[in-house]
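Here are the chains, one letter per residue:
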Amino acid sequence: METRITDQELSALSRAYDRIRGEISRYIVGNQDLLEIIFIGLLAEGHVLVEGIPGTAKSTLVKATAQLMGCEFRRVQCGIDTQPADVIGVRVWDSRQQEFVMKKGPLFSNILLVDEINRLPPKSQSAFIEAMGERQATIDGITMPIERPYIAIATQNPLEREGTFPLIEAQKDRFMFSHRSAFLEGAAELEVIRREHTGELDWPSYFASLAPVLQKADLLRFSQALRRVHVEEPVLAYIRDLVMATREHSDVELGVSARGSIALVRGAKVRAAIANRNYVIPDDVKELAPSAFQHRLLLTREAELSGIAPARVVQEVIGATGVP
């Protein structure tokens, strides 16, 4: 008989998430959907690709979230001259010890922010592949594990073309979820202006006031417990139907991979749990499907020339697929 996640575990997780949301909203206006995707990604042990224009508080939100989750945070500001060693690290000669010592790069952290990943040349982009897929990195033939929990959050500006190197499909498929950030609406923008006027947007003071809501051990424990969130067979079949529909859509050349199926199952379990449920409902799947699918779709040339976006295709697939 299946052992489900306990009510105590669910309550502790949902309370922690509510506290983190509250702390984030003291400084950041909006972006609650991005916070949810990052939280789900961390607990589902997956990575997140964030596409959006600069100035939408992506980096600020990630750094504050890492502090609240009791995780080590590192950041890589990408450029065309960034080398793999700048990310992974390097072995250097220590004259006192008379031996080579390992100098680990920012890759070895719990929450890694890769800012403007598409500004990296392909050789440096590939430095992340082993870490994202296997949670380990190799330096000079020495393979070292990366401590869990571990999540890479990469950002890119989809509007810029000069000096960028688009991620290939295999690289994008390594990300469990993607999210597209946008400018705030009028009321939210006015709130930002008010907070600046009243002095509430004092980042050093705000960051210094943040006390961890969770510890790394809590995240690891929750990740294990979340595997016991129940998913009925019709809901599993619904995920299958959505994935298959992307592969059969007339505007799609390459549909969602099996990694997309796995991402949707794992993510839906976390979303159910933070809603204080020990079972997944179809709405959990529908809400997460765009984040799990849109970066995995390769559209036909004709669809691209017609201005059709992956997000539109995903919505068509969701609308045309029967809900259990």
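Residues numbered from 1 in each chain as written. Predicted model: local features only at pLDDT ≥ 70, side-chain atom pairs only at ≥ 80, totals over all residues. Heavy atoms only, no water.

**Overview of the pattern of salt bridges**
Then, number 1: Applying the stated criterion to the full structure yields 22 salt bridges.
Then, number 2: The salt bridge partner of Lys216 is Glu147, with a shortest N-O separation of 3.3 Å. A residue pair is termed long-range when its members are at least 10 positions apart, and Lys216 in helix H10 (residues 216-226) and Glu147 in the loop between strand E7 (142-145) and strand E8 (151-156) qualify at 69 residues.
Then, number 3: Taking relative accessible area as the criterion, Lys216 reaches 25% and is therefore assigned partly exposed.
Then, number 4: Glu191 is the partner of Arg194 in a salt bridge, and the nearest nitrogen-oxygen pair spans 3.9 Å. (Salt bridge = Lys/Arg side-chain N within 4 Å of Asp/Glu carboxyl O. Helix = DSSP H or I, 4+ residues; strand = E, 2+ residues; numbered from the N terminus. Buried < 20%, exposed > 50% of the residue type's maximum accessible area, 1.4 Å probe, protein only.)

**Some words on the environment of Asp251**
Then, number 1: Topologically, Asp251 is positioned in the loop between helix H11 (233-248) and strand E10 (252-254).
Then, number 2: For Asp251, a relative accessible area of 17% translates into the label buried.
Then, number 3: The sequence separation of Asp251 and Val265 amounts to 14 residues, and the corresponding C-alpha distance is 25 Å.
Then, number 4: Setting aside residues up to four positions removed in sequence, Asp251 forms contacts with Leu299, Thr300, Ala303, Ile308 and Val313. (Contact = heavy atoms within 4.5 Å.)

**Notes on the pairing of strand E1 (residues 48-51)**
Then, number 1: Alternating residues of E1 divide into Val48 and Val50 and Leu49 and Glu51, and every residue in both groups is buried.
Then, number 2: Pairing analysis gives 4 bridges linking E1 to E8, with the strands arranged parallel. Of the residues in E8, the one forming a bridge with Val48 is Ile153.
Then, number 3: With 4 bridges connecting them, E1 and strand E9 (residues 177-180) associate as parallel partners. Of the residues in E9, the one forming a bridge with Val48 is Phe177. (Pairing = 2+ DSSP bridges.)

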